[in-house]
Structure formats: C-alpha cells, structure tokens
Amino acid sequence: LSPRVAPRSTRATLSPLPMPDEPEAAAPAGEAGLSKNEQKRRAKQEAQAKAKAEKAAAKAAADAAKPKPAAAAQEEEEEEQDPTKYFENRLTFVNGVKEKGANPYPHKFQTSMQLPDYVAKYESIGSGEMSADGGVGLAGRIATKRAGGKGLVFFDVVGDGAKVQVFASADKFSDYAGLEKDEKAARFSALMSTLKRGDIVGVRGTPGKTKRGELSLFPTDMLLLTPCLHMLPKVPPGSSGLADKETRYRQRYLDLIMNPTTRSTFITRTRAINFLRRFLDMHGFLEVETPMMNAIPGGATARPFITKHNDLNLDMYMRIAPELYLKMLVVGGLDRVYEIGRLFRNEGMDLTHNPEFTTCEFYWAYADYEDLIKFTEELLSQMVLNICGGYKVKLHLEAKLGEPAKELEIDFTPPFRRIPMISGLEEKLGVKIPLPLESDETNAFLKGLCAEHGVECKPPLTTYRLLDKLVGEFLESQCLHPTFITDHPKIMSPLAKDHRSKPGLTERFELFANYHEMCNAYTELNDPVEQRARFAAQAKDKAAGDDEAMFVDDGFITALEYGLPPTAGWGMGIDRLCMLLTDNESIKEVLLFPAMRPVGMAADFNPDCQ
C-alpha cells in the first residue's frame, strides 16, 4: 500500500508536527482493509488472552509462595545440598541407626518375585483395581521419590531393567493400624524421611493399578535394606541419563543405575557370546581352557605384558593368543576345539583397542580356509539375524567438528565380498609390486610407495609393517560392509600354510566390517621344518627392533613333529562385534570396566602412547 500523509494539526499544545512528506506508520500486516467489527473482535481476543496469561502468572506466583509439605520441602532441600554435606548427613543417619541397636543393612528380605516378573504377572489388572494377592514382596532401588500430600508418597523402584511404582499411604501400613491420625502421620513421615533416592528398599503389599492406570504396589510395609550414602547425579532436562563419559567409564555401577541403555548393551553382549558358544557346540566343537600366563608369548604378532612368577623366579608373559596351545590339543586328537577368553596386548588405547579384550578362537581338523569363509558367513549372518531381527545393522556416528552426524547401514547378507591382498593393492595403486616379497628391492619399493602417498610407518620399516600400513590405507578403507581380505604374504603370516596355487602367499583371510578387523583365519601351517624357518624370520625382525614379532617356540615345533592334521584356525574379537551389534563407536562402551588413564595423568604423559 502507498503511505498515507498525516494531516497537519492546528492545536499549538500538540507535539511538533511531522513534515508534510513524512508518512504515517503503516497498519499492521493483515489489518489494513479489515472492517471495524473484525478489528473490534480481534482486539477483544487479545485482551482476553492477556487477562488469561496474567491470571495464570498470578496463580503460579501464589502457588510458589505457599509453604510446601514438610517432607517435600526437606527432600528438595537435601537434593540441593553440596554432595559432600549430603554424604556426611547420610553417614550420620546410618551411625545413628547403629547406635540405637538397629541394623541399617539387614541380612535378608524375602521377595516374592523379581520386578520384571511382577510387571508381567499384574500388568493386566484394570485401572483402579486391586489384586486379590496380598503380601507380595519386591525389592529394588529408589529411582524417584515425590510427595503426594499428607500421608502419601510415591516411589519409582527399579531393578532388573523394570520399574514399579510404590504407592505409599499411611493408612495402608499395618504397623500404624489403630494409631491416632496425628501419630500415624508423624510415624509415616519419619519413615519416609529416611528413604532417599538411590536407597535399596524392600516393599511388601498388594498389587494394583491407580485410577490413571499406573501399575503399582500398595505397601503395608517398607524396609530400608541398603542406604545410598552418595547423592545420585541429577539428570539435566531433556537428557535420558548420565552423560559424562569419564564418570560412566570409571564408575560403571553408576552408569548402570542411571542409564537403562547401558544395561541393554551388556545384555546384547551376553546374547552374542551365548549364540557363538551354542553355534560352535552344535557343530561338534569342544570348549577348553588354556594358560593365561606363558613362558613364551606366541600365537600372534603383538607386544606382551610381562609379569613375575615369584616361586619360580621367572618372568612370565600374559597371553597374547591361545593359538599354539589349541593346536597342540588338535595334535592330541581333539579335532574341534575352541576357547572364549581374555587376551592381553601391551599396545595403544583408542576407539577400537583396549589392552585386555575378549576373543573366540577355534581349530578345526580336516578343514581349510575356504571352509572357514563359508562357516564365518553363516555364523555372523545368523547371529545378526537372531539378535537384530534382520541382516542389516545401523550405526549412528556422533557429529564431528565441521561434520554432521552420520548414519551407516552395514549389510551382513551372505556371501561377503572378497579382496585378494596383493592384487587388490596393485589394482588400487596402479603398480606392480616386485617379487619375491622378501627381497630388499621390494622393501625399497614399498618405502617409496608409502612416501609417495603420504602413508606414515614408524620404524622399523620392515616389509611386513610397510604392507600392513598400505593395506590399512587403501584396502581396509573400502570395507564398510563385511569383506574378506584374502591371501596374505608369507612374511605377514608366520603360522599360515602356503597358498596351494599362489607362490609367496598363504591361505589366510581377515574379515573387516565398518573399516575394522573382525576375524583372522587361515589354513594352519603343519610342517615343523617350515615353521622353524618362519620363526627364524620373525626373530630377525625382532632383532631389528620390531617388538611385535614372534618368539621362537621350540615346544610348539616339537608338538608339530608328532603330527598336526590338516587344520583350519579362526579367531574373532568379541568386543568389536558387540560394538556393531549395539550401535557404539567406542570399545569402552562394550567393556564393563575399560582401561583408563589414572586420574590426573596427562594424555601426553608417554609420547609413545597411541
């Protein structure tokens, strides 16, 4: 609309006049052209809305000014206390109970069932109805406590992943039957004031539902079983639980108390291990146990932890792999054996590595790595289907600096893709790697290749380490979905059998998913003379400064001399598998007690740490 010119005023008492060409303020959008009746109607609506808002504000102010019930006010005041003061007050309470001759930590409370069973049994009760069952005993931790008026307190009690509301009314407590109203209220209030958020309580009463349909237990008796001396962390508005990662990893019990999803993660981990164990059992494998401390750290290329056997005055190594012991058992006639257990490697810590971790290894007489590939595809695809309900797993990656959050989908539908290591590397880089791979010429060529593509490899620059870095940069980076990288060179596989048709290579594969190694497997080397030569080559690398190279194990070679049948061996990291199954980026999320730096230690305390 064109601006309207304001008319001049002839009254001297008014403010200074606008200039003749100064426009009036434009009418608010949408009002120009409205009828007078419509304008009046809208003005009336605005006045009513304003009056309603003022009335609501006045009511809120009046409610805030009202004195709160004593129990609620005390509870709120305690929740606002300094945590140290809260701890001191709770400790004083516990000591006071002891001084009166009572026990604040009872030995026993007879429960009728666990909380999930209670929910399953009584969920069908109608709103406002009570069960005919009486004296039902439950126990759990108080998650929330809220006052509902005089003589009425609500608790949410949690345990075993379930929650039940406790509808505590002074009129229902059997100990208070026959008491005067004021005395009953005083005793009830005194009991309720001793029960805090985080305490473990026993409750006995009648199952039922409130009029709003909330499944509850209406208690006739409540007993403090274990007081929580520390104030539980407060959950910020909009948050689902305890978020601080340092606290969650260092105090996993607190993480489990505050975050239901953490419990789900470790239940899934147990389901995965149980599935793996059942699958191997059904295929005729025998579960065994082998030593955790070894005189010689063998079975893998890794830096070991060293410990001391005082009685023998002997340095021992925490095991880096159970492989050699398991193959000795196959020599002894146990044709299919497996072990699920912990390994220890004195190496770096990052999102996918922890110094101690869980693996499964099995050895299968009269099979080869082609059998293992089919077996692996069946095992993992069926496990994912069983646990996740389909072959596809979704991962939600946290947003990083300058990048939005991402969602990845990993497909475990068999068969899985295969990439031969050397030919795949040659195809990716457009080069031909010189043969034999053990030659100085090949070593120099790989050094140049790393330099050309900016691939960093720390000394010693052995051919093994150079190849490993190149494969990590150019092949592993293609492996979002499950992918076998196959046919590793002999110099990278001291325990694997020569490839039957590709000289210089071995019948070995590694399975990668989400760009990380999941499995390592091969047709086992069973020629004792060749095995001794391979160990000697590893000893040469160790002398050159490679701490991860293998030791010579004469005891294992002696076992091979008695005859190891044609055998296939397989190993998988449980922790990385669980990361995929539980939608987690960090290995710390799937370890109940991950390795952590001591509090106060700087991240760069050891410059050699990864």
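Since this is a predicted model, take the numbers as computed values, not measurements.

(A) Structural view of the pairing of strand 2 (residues 152-159). Buried residues dominate strand 2, accounting for six of its eight residues. As defined by bridge partners, strand 1 (residues 136-147) adjoins strand 2 across six bridges and the pair is classed as antiparallel. Bridge pairing in strand 2 places arginine 141 opposite valine 158. Linking strand 1 to strand 2, which pair antiparallel, is a turn of four residues; within it glycine 149 sits at a positive phi near 120°. Sheet topology places strand 2 next to strand 3 (residues 162-169); eight bridges connect them, and they run antiparallel. Paired with glycine 159 across the two strands is alanine 162, which belongs to strand 3. From the end of strand 2 to the start of strand 3, which pair antiparallel, there are two residues, and aspartate 160 there has a positive phi angle of about 55°.

(B) Quick peek at a nonpolar patch on the surface. Among the surface-exposed residues, Leu256, Leu592 and Phe593 lie close enough to one another that they form a single nonpolar patch of about 300 Å² accessible area. Along the chain, leucine 256 turns up in helix 7 (residues 252-258). According to the relative accessible area criterion, leucine 256 is partly exposed, its value standing at 38%.

(C) View of the sheet that holds strand 17 (residues 516-523). Taken in spatial order, the eight strands line up as 6-10-11-18-17-16-15-14 in an open sheet, and their pairing is mixed. Here the strands that pair on one side only, and so sit at the sheet edges, are strand 6 (286-287) and strand 14 (417-420). Where strand 14 lies against strand 15 (residues 483-486), four bridges are found, and the strand directions are parallel. If you follow proline 420 over to strand 15, its bridge partner there is threonine 486. Across the sheet, helix 11 (residues 421-429) is in contact with strand 14, strand 15 and strand 16 (508-513); its angle to strand 14 comes to roughly 80°.

(D) View of the pattern of salt bridges. Within this structure, the stated rule accounts for 32 salt bridges. Between lysine 327 and glutamate 323 there is a salt bridge, with its nearest N and O atoms 2.8 Å apart. Of this pair, lysine 327 and glutamate 323 both sit in helix 9 (residues 323-331), four residues apart, which is roughly one turn of that helix. Residue class for lysine 327 comes out buried when judged on its relative accessible area of 0%. The exposure class assigned to glutamate 323 is buried, which follows from its relative accessible area of 4%. With a closest N to O distance of 3.3 Å, arginine 342 and glutamate 356 form a salt bridge. One end of the pair, arginine 342, is in strand 10 (residues 336-344); the other, glutamate 356, is in strand 11 (residues 356-365), with 14 residues separating them in the sequence. Judged by relative accessible area, arginine 342 falls into the partly exposed class, the value being 28%. One continuous salt-bridge network, built from bridges that share partners, spans Arg146, Asp156, Lys163 and Glu214.

What counts, and at which threshold
- Residues numbered from 1 in each chain as written.
- Predicted model: local features only at pLDDT ≥ 70, side-chain atom pairs only at ≥ 80, totals over all residues.
- Heavy atoms only, no water.
- Buried < 20%, exposed > 50% of the residue type's maximum accessible area, 1.4 Å probe, protein only.
- Helix = DSSP H or I, 4+ residues; strand = E, 2+ residues; numbered from the N terminus.
- Pairing = 2+ DSSP bridges.
- Patch = residues over 30% accessible without salt bridge, like charges linked within 9 Å, V, L, I, M, F, W, Y side chains within 5 Å.
- Areas by Shrake-Rupley, 256 points an atom, 1.4 Å probe, with all protein chains shown as cover.
- Salt bridge = Lys/Arg side-chain N within 4 Å of Asp/Glu carboxyl O.
- Contact = heavy atoms within 4.5 Å.
- Axes fitted to C-alpha atoms, helices over the stretch in contact; angles between N-to-C directions.

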